[in-house]
Amino acid sequence: MHNKVRFPLQVLSDDDIKSIYVAALEILVDVGIQFEDERVLHILEERGCTVDYPRMRVKFIPSVIEQALRSCPSEFTVKARNPEYSLLFDGSHVYFAAHSAPTVCDPKTGLSHKPSSRDVQDRLILIDALEHINATLTLTGEVSDKPPEVGVEWVKAETFRRTAKVTTAPAFRNSPKWIIEMAAVVGSQVIGCCGCSPPLFYAKQDTDAMLQYAAAGHPVTAGSGIALGGTGPVTLAGSLAQQTAETLAGVALVQSCHPGTGMLWLTETAPMDMRIGDLAWGSIEVGMLHAAQGQMSRFLGLQNFSLFPMSSSHISDQQLGFEKGMQAIIMALSGIQFMAGGGGVYNESSICLEQLIIDNDIYGMAARFLEGFEVNADTLALDIIREIGLQRNSYLSHKHTRRMFKQEHFFPGVSNRLAFETWEKSGSKDIVARAQERIPHIIQKHESAPLSPEAERELDTILRAVEKERLSGTQTEHLTEQSTA
Amino acid sequence: MQTSDLINNLEHSIIEGDVDNAEKWALQALDEKADIPQAINNGLIKGIKQVGDAFGNGEIFLPDLILSSEAMKIASDIFENELRKTGQNIQTSGGKIVIGTVKGDIHDIGKTLVSTLFKGAGFTVIDLGVDVPTDDFIAAVRRHQPHILGLSSLLTTSAIEQKNVIDALDHAGLRSQVKIMVGGGAITEQWSQEIGADAYSGDAREAVDCGCRLLDSLQGEYHA
Ligand code: B12
């Protein structure tokens, strides 16, 4: 569905936008970007950039950047296994995604553990079932009962099995190779989630992944996560200039090799809290930076992508709720097209399933806001107002009410709206307890659309090949048994 | 200028994080042949202690702390050089730590914070950066003879490198010379014990307290 509300949040004037862009170009031209992979240095040298090989530094020329921006498509689709879940990036849609982290945690104590394969599966089933979650991140692949060497691919195969929604794919070892094969088997695209390691450095792992995903026809991200005052300037404008430069360098690389690849400007930027030195992912400045990123990305003709809304709180408390809630609405109104904080706690250190349920409500509210409301004869309801006039309490029984209420009002899944006595009688539960109760209910009821038997077999074959590549012979046999069991 | 005023000024330049003044007053102290150990103890160390406490209490911020430690470094270098000339050897710093993020891991922020706070506590810090190969850690331990080696790891996949470094130190016969502290998002107390590290800390400030305790225990060992 198209959003009616056009992204009105503006924190930058037109002049500000230009100043940031010019500053980014100056960074690219004067300071340059360091690339760990020599192949990348050659590619960019051929395009006319100046390369300092011993320092692995590329100084760009503006025309390379401008041409790269011109060759980015102004819209593209990311195909999901179920086409209904495909994502259209054309500047007028906002999508919500679940986050990913190496541990799962308890919503009340914050204590975390490495997920078991069951935890991984439960998370994926919830993602497939929750109505306001459009996609999922996979950044890592921790599973307590699988060998760590094959964790990323195992989680990815499970993702393709348990949800027909779009998934991102990480830059991790040589996992892109395998993930690309899996995506082909299930007939979906992924979003290659890669970026710069600030300040001004692209690791080989990331550029490798960017080029591999792009070569296979998948859209990719470029961008970075700056810690303001740590890995970039402490000022919002300075960090935006640096991040714009880091993003444009990635865009230039990908477009030089695979012109026309769908590109998303990724952000993971947040202030460093100068009282303690840790990151402040739930801060209001994160909201301001997103509003600016929305404006900057529209100016450059790029789509965008964010790992927020997030919070620094370790538990599902008020802080987590208001930080994520405020960010979600700000981001939605800023035209952030993909926001991926669902279920994440403590600066994306951990995942909390109860929080995923709560975030589903936050996302639903943000999406409802963007839909806006129609003003026409039917919704103005003049006829009905004339008819009812001054009579009391007649609207509830009017047909118009029954016909329109679902389209006009949003119904959150776990927010409490009960009368006090009813709420008290039902156990005085808070939102976390209600979310906790909803989880087994959804997991038992939901049926993910199964893959075809051939696709299942092919995924297994790929997993076996991964095992063979990463593990020695004796272990492999043992593992194959486990994975087919 | 009276020695007490000079020492006051030095202390203030540290508290203010005023690098230029710290240098100026330290040089003037040399000119005026002030008592250097006294200047170190009552000026520099007193100042930096106050800064450390203020940071701990949330009264000042990280950038303040960092500038104070830079001011401290510049003044103490001047004094230490002078003392060395006259054959004296006073250590202004508590101890020496070599620190880095292990191979395959480029997460920088937490490790740098830990280095910074160690500097703030008066340690000499040799920061090897990120993605540091095991051999470089071994070479640095051999060369700098630190009291403590700090290993940071944020990735589950790179955590194993901490064990590799400890094993390599063992092989090189260097393990008993240095206390090993581990930390970073992927690390737990339990892991630290499994791989035979001497200490784990999940937070930079705690890491410094723990480093100071390790140092005390080492100095205890030396005296014994
Ligand atoms: C910032 C960040 C990045 C930045 C790093 C920028 C930079 N220059 O440092 C970028 C974007 C480059 C990045 C890249 C990647 N990242 Co990263 N990143 C993070 C993030 C968000 C924050 C880390 C951080 O700086 N925290 C703030 C500091 C202050 O905290 P800290 O590091 O934990 O340090 C504190 C303590 O641990 C302790 N400490 C730290 N070191 C030491 C050392 C000693 C001796 C002691 C005693 C104590 C100690 O004291 C510190 C201060 O209190 C974390 C999530 C998180 N919240 O941890 C993910 C995270 C660590 N990253 C992750 C991943 C997956 C990656 C990538 C693989 C992504 C990819 N490319 O696909 C790459 C890996 C690149 C590589 N080879 O290392 C995962 C790791 C998962 C796992 N399996 O372990 C995390 C958990 C995110 C997630 N939800 O999945 N990342």
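Here the structure is a predicted model, which means the values were calculated and not measured.

## Some words on the coordination of the cobalt atom of the ligand
For the cobalt atom of the ligand, the protein supplies a single donor, B:His107 (NE2), at a distance of 2.3 Å. As for its placement among the helices and strands, B:His107 is situated in the loop between β1 (96–101) and α5 (109–120).

## Considering the domain arrangement of chain B
Residue and element names in this part refer to chain B. Splitting chain B by domain gives domain 1 (3–86) and domain 2 (96–223). Relative placement of domain 1 and domain 2: their C-alpha centres are 27 Å apart. Taken together, the seven residues of domain 1 in the interface contact six residues of domain 2. Counting the surface lost from both domain 1 and domain 2, the interface buries some 570 Å², and carbon and sulfur atoms represent 75% of this.

## A closer look at the side chain of A:Ser86
Residues and elements named next belong to chain A. With respect to the helices, strands and loops of the structure, Ser-86 is situated in the loop between β4 (76–78) and β5 (87–89). Of note is the side chain of Ser-86, whose polar atom sits 3.0 Å from the backbone nitrogen of Ala-80. If we ignore the near neighbours within four places in the chain, the residues touching Ser-86 are Thr-77, Val-78, Lys-79, Ala-80 and Tyr-95.

## Describing the sheet that holds strand β3 (residues 57–59) of chain A
Residues and elements named next belong to chain A. Taken in spatial order, the four strands line up as β2-β3-β1-β12 in an open sheet, and their pairing is mixed. The open sheet has two free edges, formed respectively by β2 (50–52) and β12 (201–202), since each of these has just one partner strand. Pairing between β2 and β3: three bridges, direction antiparallel. When the sheet's bridge partners are listed, Val-51 is paired in β3 with Val-58. On top of the sheet, helix α1 (residues 14–31) reaches β1 (33–35) and β3; it is set at about 125 degrees to β3, its chief contact.

## Some points on the domain arrangement of chain A
Residues and elements named next belong to chain A. By domain assignment, chain A separates into domain 1 (3–9 + 70–371) and domain 2 (453–484). Taking both sides of the interface into account, the surface hidden between domain 1 and domain 2 amounts to around 1500 Å²; carbon and sulfur atoms contribute 67%. Broken down residue by residue, the surface that domain 1 buries against domain 2 is led by Arg-161, Trp-178 and Val-185, which jointly contribute 37%. One can count four salt bridges joining domain 1 with domain 2. With a closest N to O distance of 2.9 Å, Lys-177 and Glu-469 form a salt bridge. The interface formed by domain 1 and domain 2 contains seven residue pairs in polar contact (both at pLDDT 80 or more). Secondary structure elements with two or more residues in the side of domain 1 that touches domain 2: α5 (151–162) and α6 (175–186). Of the residues that constitute the side of domain 1 that touches domain 2, the class distribution is nine nonpolar, two polar and eight charged.

## Focus on helix α4 (residues 117–129) of chain A
All names here are of chain A. The first and last C-alpha atoms of α4 sit 18 Å apart over 13 residues, in line with the 18 Å expected at 1.5 Å per residue. By the criterion of burial, α4 is predominantly enclosed, with ten of the 13 residues buried. Among the residues of α4, those classed as buried are Ser-117, Val-120, Gln-121, Asp-122, Arg-123, Leu-124, Ile-125, Leu-126, Ile-127 and Asp-128. In this fold, the buried residues of α4 make contact with β6 (95–98), β9 (135–136), α5, β20 (350–351), α11 (353–371) and α16 (431–445).

## So, the sheet that holds strand β2 (residues 124–127) of chain B
Residues and elements named next belong to chain B. Strands sit in the order β2-β1-β3-β4-β5 across an open sheet of five strands; the sheet is parallel. If you trace the sheet from one side to the other, it starts and ends with β2 and β5 (199–200), each paired once. Pairing analysis gives five bridges linking strand β3 (residues 148–152) to strand β4 (residues 179–183), with the strands arranged parallel. Bridged to Gly-150 within β4 is Met-181. Contacts from helix α7 (residues 160–171) reach β3 and β4 within the one sheet, and its direction differs from that of β3 by about 150 degrees.

## Here we look at the interface of chain A and chain B
The interface is formed by 17 residues belonging to chain A together with eleven residues belonging to chain B. In total, chain A and chain B occlude about 1100 Å² of area from one another, counting both sides; carbon and sulfur atoms represent 72% of this. Ranking the residues of chain A by area buried against chain B places A:Met274, A:Arg275 and A:Ile276 at the top, with a combined share of 39%. There are zero salt bridges connecting chain A and chain B.

## Overview of the site of the ligand
Near the ligand you find 48 residues, and of these A:Glu142, A:Asn347, A:Glu348, B:His107 and B:Thr156 are the closest. Around the ligand, the neighbouring residues derive from chains A and B rather than from a single chain. Within the side chain of A:Ser349, an N or O atom sits 3.1 Å from a nitrogen atom of the ligand. Contacts to the ligand include B:Gly104, whose backbone N or O atom sits 3.1 Å from a nitrogen atom. Listing elements by their share of the shell around the ligand, those giving two or more residues are α7 (204–215) of chain A together with α5, β3, β4 and α9 (204–223) of chain B. Among the elements that line the shell around the ligand, the one with the most residues is α5(B), at five residues. Along the lines of polarity and charge, the residues of the shell around the ligand split into 20 nonpolar, 19 polar and nine charged.

## A look at the environment of B:Asp108
Among the secondary structure elements, B:Asp108 is positioned in the loop between β1 and α5. Separated by 71 residues in the primary sequence, B:Asp108 and B:Lys179 have C-alpha atoms spaced 22 Å apart.

## Some remarks on unusual backbone geometry
The peptide bond linking A:Pro198 to A:Pro199 adopts the cis configuration, its omega dihedral lying at 0 degrees. Inspection of the secondary structure assignment puts A:Pro199 in the loop between β11 (190–193) and β12. A cis amide bond links A:Phe308 with the next residue in sequence, A:Pro309, at an omega value of 5 degrees. Within the chain, B:Asp131 stands out as a residue other than glycine whose phi angle is a positive 50 degrees. Relative to the helices and strands, B:Asp131 is located in the loop between β2 and α6 (134–144). According to the relative accessible area criterion, B:Asp131 is partly exposed, its value standing at 28%.

## Regarding the packing of aromatic side chains
Going through the model one piece at a time under the given rule, you end up with twelve aromatic pairs over all chains. Note on A:Phe89 and A:Tyr95: the rings are 5.8 Å apart at their centroids and 70 degrees apart in plane angle, and the pair reads as edge-to-face. Residue classification places A:Tyr95 among the buried positions, given a relative accessible area of 10%. Taken together, a centroid distance of 6.5 Å and an interplanar angle of 35 degrees make the contact between A:Phe89 and A:Phe338 tilted. With A:Phe89 in strand β5 and A:Phe338 in strand β18 (residues 338–342), this residue pair connects regions lying 249 residues apart in the sequence. A:Phe338 shares its class with A:Phe89; the two are buried. One aromatic cluster in this structure is built from A:Phe76, A:Phe89, A:Tyr95, A:Phe305 and A:Phe338. Positioned over the ring face of B:Trp25 is B:Lys24, at 4.4 Å from the centre of the ring.

## Things to note about a nonpolar patch on the surface
All names here are of chain A. Together, Ile-284, Met-288, Phe-322 and Met-326 make up an exposed nonpolar region whose accessible area comes to about 370 Å². Looking at the nonpolar patch, the elements that each hand over two or more residues are α9 (284–300) and α10 (318–333). Relative to the assigned elements, Phe-322 resides in helix α10.

The rules behind each value
- Residues numbered from 1 in each chain as written.
- Chains lettered and ligands numbered in written order.
- Predicted model: local features only at pLDDT ≥ 70, side-chain atom pairs only at ≥ 80, totals over all residues.
- Heavy atoms only, no water.
- Donors = N, O, S within 2.8 Å, 3.2 Å for Na, K, Ca; no water.
- Helix = DSSP H or I, 4+ residues; strand = E, 2+ residues; numbered from the N terminus.
- Domains from an automatic or database assignment.
- Contact = heavy atoms within 4.5 Å.
- Buried area = accessible area lost by both parts, 1.4 Å probe.
- Polar contact = N/O pair within 3.5 Å; in protein donor to acceptor, adjacent residues only side chain to side chain.
- Pairing = 2+ DSSP bridges.
- Axes fitted to C-alpha atoms, helices over the stretch in contact; angles between N-to-C directions.
- Salt bridge = Lys/Arg side-chain N within 4 Å of Asp/Glu carboxyl O.
- Nonpolar A, V, L, I, M, F, W, Y, C, P; charged D, E, K, R; others polar.
- Expected span 1.5 Å × (residues − 1).
- Buried < 20%, exposed > 50% of the residue type's maximum accessible area, 1.4 Å probe, protein only.
- Near = heavy atom within 4 Å.
- Phe/Tyr/Trp six-rings, centres within 6.5 Å; stacked < 30°, edge-to-face > 60°.
- Lys NZ or Arg CZ within 6 Å of the ring centre and 35° of its normal.
- Patch = residues over 30% accessible without salt bridge, like charges linked within 9 Å, V, L, I, M, F, W, Y side chains within 5 Å.
- Areas by Shrake-Rupley, 256 points an atom, 1.4 Å probe, with all protein chains shown as cover.

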